[in-house]
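Letter by letter, the chains look like this.
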Amino acid sequence: MLLDGYLMKKVKATLDFIQFQPLVKVGFCRNVSGHLASNVVFLNPTIPLEEVNAAIDAFEAAILDAQDGSHTAKAIMREKELLIDTMFTTLCAFVNTVANGDVVIITSSGFNMSKQPEHRTKSILAIHYTEHSGVVEVESATGDKVVAFSWEICIEVSSMAEKVWVPLKTTTQCKCIIDGLIPGQYISVRVALVSPAGTSDFSDPVTKLII
């Protein structure tokens, strides 16, 4: 499929969670497990969710035990993390088989999706995960003589609800940290550029699932 001269690739659930920090990975995996359990599309997952949830609990407990710096506790934590990575790699393959490229189904699984080739016109705004759960970094493209960035945020109550934009902050840098967010929620962010010529219109919003 072509879009504006670019080949559209079949989207897939990704394995990006493998690179997450341990506590962030716990939150992500609980979110995926909850999504799979509540969606009738994902009947009979390749690994029973009771087994998955028990492994998540064991991994979280191992993380807490490893905080004392014990080499043995750290080794156990890495062992539990490897099991989690293996389980959720298998579940990711299961989701991709069920979804067969359907964006809505993949989104409903809680897994992140692969990206399409970048459009010729680069987005002005991006939201990046950080190593901390509930904390993201937003980054804006800049322009000539831009002196400040005015940020607004919208917490998604439901996909049907009208967006309510709330002023977030004004920064002199093109990046902004947003913390105190709730995992499992979707947020949208937009930005206006401030220059001696005035303040631009707000950019198109970017939406991200908080993990």
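The notes below deal with the structure included here. Please read all numbers here as calculations on a predicted model, not as lab measurements.

1. Overview of the overall build of the protein chain
Scanning the protein chain from N- to C-terminus turns up four helices and ten strands. Beginning at the N terminus, the succession of helices and strands in the protein chain can be written as β-β-α-α-α-α-β-β-β-β-β-β-β-β. Burial statistics for the protein chain: of 211 residues in total, 36% are counted as buried. Pairs at least 24 residues apart make up 65% of the contacts formed inside the protein chain by residues separated by at least 6 positions. For the protein chain, the accessible area works out to roughly 12300 Å², and carbon and sulfur atoms hold 57% of it.

2. Side note on the pattern of salt bridges
Per the counting criterion, the structure on display carries six salt bridges. The shortest N-O distance in the salt bridge between lysine 25 and aspartate 85 comes to 2.9 Å. In this pair, lysine 25 is assigned in helix H1 (residues 22-38) and aspartate 85 in helix H3 (residues 71-99), connecting sequence segments 60 residues apart. Here lysine 25 and aspartate 85 have matching classes, each one buried. Note that arginine 30 is salt-bridged to aspartate 57, the shortest N-O span being 2.8 Å. Linking arginine 30 in helix H1 with aspartate 57 in helix H2 (residues 49-65), this pair joins segments that are 27 residues apart in sequence. The exposure class of arginine 30 is partly exposed, given its relative accessible area of 33%. Connected via shared salt-bridge partners are Lys25, Glu81 and Asp85.

3. Considering H1
Over its 17 residues, H1 extends 24 Å from the first C-alpha to the last, a length consistent with the 24 Å expected when each residue adds 1.5 Å. Along H1, the residues that are buried comprise Pro22, Val24, Lys25, Val26, Phe28, Cys29, Asn31, Val32, Ser33 and Leu36. Residues of H1 that are buried make contact with H2, H3, helix H4 (103-109) and strand E10 (206-209).

4. Examining the environment of lysine 175
For lysine 175, the location among the structural elements is in strand E7 (residues 175-178). Distance from lysine 175 to leucine 125, taken between C-alpha atoms, is 9.8 Å for residues 50 residues apart in sequence. With residues up to four places along the chain from it excluded, the contact list for lysine 175 reads Glu137, Val138, Glu139 and Trp151.

Cut-off values and rules
- Residues numbered from 1 in each chain as written.
- Predicted model: local features only at pLDDT ≥ 70, side-chain atom pairs only at ≥ 80, totals over all residues.
- Heavy atoms only, no water.
- Helix = DSSP H or I, 4+ residues; strand = E, 2+ residues; numbered from the N terminus.
- Buried < 20%, exposed > 50% of the residue type's maximum accessible area, 1.4 Å probe, protein only.
- Contact = heavy atoms within 4.5 Å.
- Areas by Shrake-Rupley, 256 points an atom, 1.4 Å probe, with all protein chains shown as cover.
- Salt bridge = Lys/Arg side-chain N within 4 Å of Asp/Glu carboxyl O.
- Expected span 1.5 Å × (residues − 1).

The quantities given are spatial measurements derived from coordinates; they are silent on function.
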